[in-house]
Amino acid sequence: VVLDQEKQDMAYSQQRERSSNSFNYGTYHSLDSIYAELDHLAFEYSNIVSKLQIGQSYEKRPLYVLKFSTGGRHRPAIWIDAGIHSREWVTQASAIWMAKKIASDYGKDPSITSLLNKMDVFLLPVTNPDGYVFTHTTNRMWRKTRSKNQGSRCVGVDPNRNWDAGFGGPGASSNPCSDSYRGPHANSEVEVKSVVDFIKNHGNIRAFLTLHSYSQLLMYPYGYKCTEPADQAELDALGRAAARSIQSLYGTTFTVGSICNTIYQASGGSIDWSYDYGIKYSFAFELRDTGNYGFLLPANQIIPTAEETWLGLKKILEHVRDNPY
Amino acid sequence: AAMELPPSHQPATRAAALAVGYISYRRGSPGRGLGLRAVRHASGQDIDGVGRKYHLDLVLEDIPDKDSTVNCTAEVLYHLGNKNIAPDVQFTIEGELKNTDEADNIFYNRIKSLEKELVAENIPDSHGNVSPEMEPIHLLAWVASGYVIWQNSTENTKFQLAQIKHVKQVKRSDEYLEFDYMILLHEMVSQEIIPWQMTVLWHPQHGVQVTQDSRQPKHAAE
């Protein structure tokens, strides 16, 4: 469902009249503030940015995706999401910075310009808005969705154990009170189902990239099993190239490897689903830091984190652009 | 025979996190926390009837002076069977750690001269802020949590201090400073956030001691 552009523009202009727009990318924002900035970007860069709603959360908050496109019909596309785990605040913050970066670099940066001339980019900055609001109002360490679990007083499902990839296998809990509770069945969470449906309906997604924190890792499938994916060599080489790009800016080192070998076996993860669905370039990033601040990354590290991560993403996007399959 | 392990993958990273917790506890102070910068080399071997031993070459970084690093070798032995015995950790730090005597004494005197006992919460806050006055309280918790991490780690866990929910100074008649902390530990493998209470003693000449600690029920911190 595409929001009526005119209504959107009006709402945005009214908001502009009330406050001067100077969105501070170097601080953490409320959901409302992030959503307002999505409208601003779609307004200011309306030639290439539009806002789509791909569904609603459990508590009926809209799931907004920014589409970056220079036209064409049904072009091959990149999918990027952030904030599936709500306490990983640097990911939502980095995603909105990257949205601004992509929009403002088009026509200036040769790489992004050539990418958007051939492909579309879909960016979901807040995949789990209910959880994100809960981290602001009640519990900063909340990870899961906020769905009610039948027969339990415990709330929420780990949305990154809820995908249809080895669902029910090791590395996910069957206990609703657990922070890695997989849910009653795959895609039980509307936040997950909305992304799955969007990707399936689009039919031409060529890369699936997801942002998490923390640990400074760049991982490819699999998590649900410890065997190599068929494209192991290419994904590993591309991952290493991306990690070198990340390191080039501030010296931040990212470890590259499969989920299972690097951190742990975990079933029901998003990039395992996307890879087995046929999206070869499936990567999961764990951003800064390595544990000194963990989820509570100081705001003065948001922009450096976003900048370096963006270089890694760009390396992957360039490869996807240049290697159609 | 010892097997080479990829240094930045598990299980090396789990053993390293445990080692750094222990090392930070033994060498840390309100003026110095030690964190893991990198694992340069790792190997592991099974010892029949005893357990699994890891040999690690580590680079440690000073928290919060991250540009200050030091090399370290460590051996971690996870005991077979009885999970109530903490892993054995031995380590050697190459070279000298930054001297923190001056900062430690300033902090010690500051707390000693407080009229009312110190009380604070949410360190760092939601945005990652730690005020300069609270930095020693933060580092003291980091150091003390190293003890809890050491005592409770297995090959299937990787703990980090996530946040101090609450800290309260306990007045003492002797020369020690005492703090009662409620901290949150993040356990990476299960992804759980675990509230943990710890009573911490410190004196500039006598180091950090955790005299009492207990795991709390999950809802305790919500």
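Thresholds, definitions, all that
- Residues numbered from 1 in each chain as written.
- Chains lettered and ligands numbered in written order.
- Predicted model: local features only at pLDDT ≥ 70, side-chain atom pairs only at ≥ 80, totals over all residues.
- Heavy atoms only, no water.
- UniProt positions renumbered as here; feature names shortened; annotations may be inferred.
- Phe/Tyr/Trp six-rings, centres within 6.5 Å; stacked < 30°, edge-to-face > 60°.
- Buried < 20%, exposed > 50% of the residue type's maximum accessible area, 1.4 Å probe, protein only.
- Helix = DSSP H or I, 4+ residues; strand = E, 2+ residues; numbered from the N terminus.
- Lys NZ or Arg CZ within 6 Å of the ring centre and 35° of its normal.
- Salt bridge = Lys/Arg side-chain N within 4 Å of Asp/Glu carboxyl O.
- Contact = heavy atoms within 4.5 Å.
- Polar contact = N/O pair within 3.5 Å; in protein donor to acceptor, adjacent residues only side chain to side chain.
- Core = buried A, V, L, I, M, F, W, Y, C linked by side-chain atoms within 4.5 Å.
- Disulfide = S-S within 2.5 Å.
- Nonpolar A, V, L, I, M, F, W, Y, C, P; charged D, E, K, R; others polar.
- Domains from an automatic or database assignment.
- Buried area = accessible area lost by both parts, 1.4 Å probe.

- Identification of chain B as Latexin from Anhinga anhinga is taken from an unreviewed UniProt entry.
- Of the comments in the UniProt record for chain B, the one headed Function (unreviewed entry) reads "Hardly reversible, non-competitive, and potent inhibitor of CPA1, CPA2 and CPA4. May play a role in inflammation."
- Here is the UniProt Subcellular location (unreviewed entry) comment for chain B, exactly as written: "Cytoplasm".

- Under an unreviewed UniProt entry, the name given to chain A is CBPA2 Carboxypeptidase, and the organism recorded is Anhinga anhinga.
- What the UniProt record of chain A gives under Cofactor (unreviewed entry) is the line "Zn(2+)".

## Focus on the packing of aromatic side chains
The description of an aromatic ring pair uses the distance of the two centres, along with the angle that the planes make with each other.
Residues and elements named next belong to chain A.
Stage number 1. For the structure shown, the criterion picks out 24 aromatic pairs over all chains.
Stage number 2. Taken together, a centroid distance of 4.9 Å and an interplanar angle of 70 degrees make the contact between Phe23 and Tyr25 edge-to-face. Each member of the pair, Phe23 together with Tyr25, is buried.
Stage number 3. Where Tyr28 meets Trp89, the ring centres are 5.4 Å apart and the plane angle is 55 degrees; that geometry is what we call tilted. With a gap of 61 residues between them, Tyr28 in the loop between α1 (5–18) and α2 (31–44) and Trp89 in helix α3 (residues 89–105) connect regions that are remote in the sequence. Per residue, the accessibility class of Tyr28 equals that of Trp89, and both read buried.
Stage number 4. An aromatic cluster of three or more residues is present, and its members are Trp79, Phe122, Trp163, Phe198, Phe208, Trp273 and Tyr277.
Stage number 5. Of note, Lys51 hangs over the ring of Tyr64, and the distance from its end group to the ring centre comes to 3.6 Å.

## Quick notes on the pattern of salt bridges
Residues and elements named next belong to chain A.
Stage number 1. Scanning the model with the defined rule gives 22 salt bridges over all chains in all.
Stage number 2. One salt bridge in this structure joins Arg143 and Glu88, with 4.0 Å as the shortest N-O distance. Placement of the pair is Arg143 in the loop between α5 (129–137) and α6 (190–202) and Glu88 in the loop between β3 (77–82) and α3, with a sequence separation of 55 residues. Across the pair, Glu88 and Arg143 agree in class, each one buried.
Stage number 3. A salt bridge links Arg321 to Asp322, with the nearest nitrogen and oxygen atoms 2.8 Å apart.

## Details of the UniProt feature "active site" (unreviewed entry) in chain A
Residue and element names in this part refer to chain A.
Stage number 1. Within this numbering scheme, the UniProt entry marks Glu286 as carrying the feature "active site" (unreviewed entry).
Stage number 2. Along the chain, the position of Glu286 falls in strand β8 (residues 281–287).
Stage number 3. With residues up to four places along the chain from it excluded, the contact list for Glu286 reads His212, Ser213, Tyr214, Ser215, Gln216, Leu217, Met219 and Phe254.
Stage number 4. Of note is the side chain of Glu286, whose polar atom sits 3.3 Å from the backbone nitrogen of Tyr214.

## Observations regarding the UniProt feature "domain: Peptidase M14" (unreviewed entry) in chain A
Stage number 1. Here the UniProt feature "domain: Peptidase M14" (unreviewed entry) sits at residues 27–320 of chain A.
Stage number 2. As annotated, residues 27–320 of chain A has a helix share of 38% and a strand share of 17%, and its two end C-alpha atoms lie 31 Å apart.

## A short note on the nonpolar core
Across soluble globular proteins, nonpolar side chains show a tendency to be buried alongside one another.
Residues and elements named next belong to chain A.
Stage number 1. In this structure, Phe68, Ile78, Trp79, Leu218, Phe283, Phe285 and Ile316 are the most contacted members of the largest nonpolar core, which totals 100 residues.
Stage number 2. Element by element, the count of residues in this core is highest for α3, at ten residues.
Stage number 3. Leave out the neighbours within four places in its chain, and Ile78 touches Met119, Asp120, Val121, Phe122, Ala207, Leu209, Leu317 and Val320.

## What to know about the state of the cysteines
Residues and elements named next belong to chain A.
Stage number 1. Throughout the structure, instances matching the rule amount to two disulfides over all chains.
Stage number 2. The disulfide partner of Cys154 is Cys177, and the gap between their sulfur atoms is 2.0 Å. Disulfide Cys154-Cys177: torsion about the S-S bond near 90 degrees, hence right-handed. Here the residue Cys154 occupies a position in the loop between α5 and α6, and Cys177 occupies one in the loop between α5 and α6, the gap between them amounting to 23 residues.
Stage number 3. In this structure Cys154 comes out as buried when scored by relative accessible area, which is 13%.
Stage number 4. When the bonded cysteines of chain A are counted from the start of the sequence, the pairing works out to 1-2, 3-4.

## Things to note about the interface of chain A and chain B
Stage number 1. Opposite the 32 residues of chain A that make contact, chain B presents 31 residues.
Stage number 2. Residue assignment for the side of chain A that touches chain B shows that the elements contributing at least two residues are β7 (255–258) and α8 (259–262) of chain A.
Stage number 3. Residues belonging to the side of chain A that touches chain B are distributed by class as follows: 15 nonpolar, twelve polar and five charged.

## Some details on the domain arrangement of chain B
All names here are of chain B.
Stage number 1. Here the domain parsing of chain B yields domain 1 (3–94) and domain 2 (100–221).
Stage number 2. The partner domain 2 presents 26 residues to the 25 residues of domain 1 that form the contact.
Stage number 3. Taking both sides of the interface into account, the surface hidden between domain 1 and domain 2 amounts to around 2,200 Å²; carbon and sulfur atoms contribute 66%.
Stage number 4. On the domain 1 side of the interface with domain 2, the three residues burying the most area are Arg14, Tyr25 and Pro30, jointly 36% of the side's total.
Stage number 5. Joining domain 1 to domain 2, the criterion identifies one salt bridge.
Stage number 6. A salt bridge links Glu155 to Arg52; its shortest N-O distance comes to 3.9 Å.
Stage number 7. Counting across the interface, domain 1 meets domain 2 through nine residue pairs in polar contact (both at pLDDT 80 or more).
Stage number 8. For the side of domain 1 that touches domain 2, the secondary-structure elements that each account for two or more residues are α1 (12–27), β2 (33–47) and β3 (51–63).
Stage number 9. Residue contributions to the side of domain 1 that touches domain 2 peak at eight residues, all from α1.

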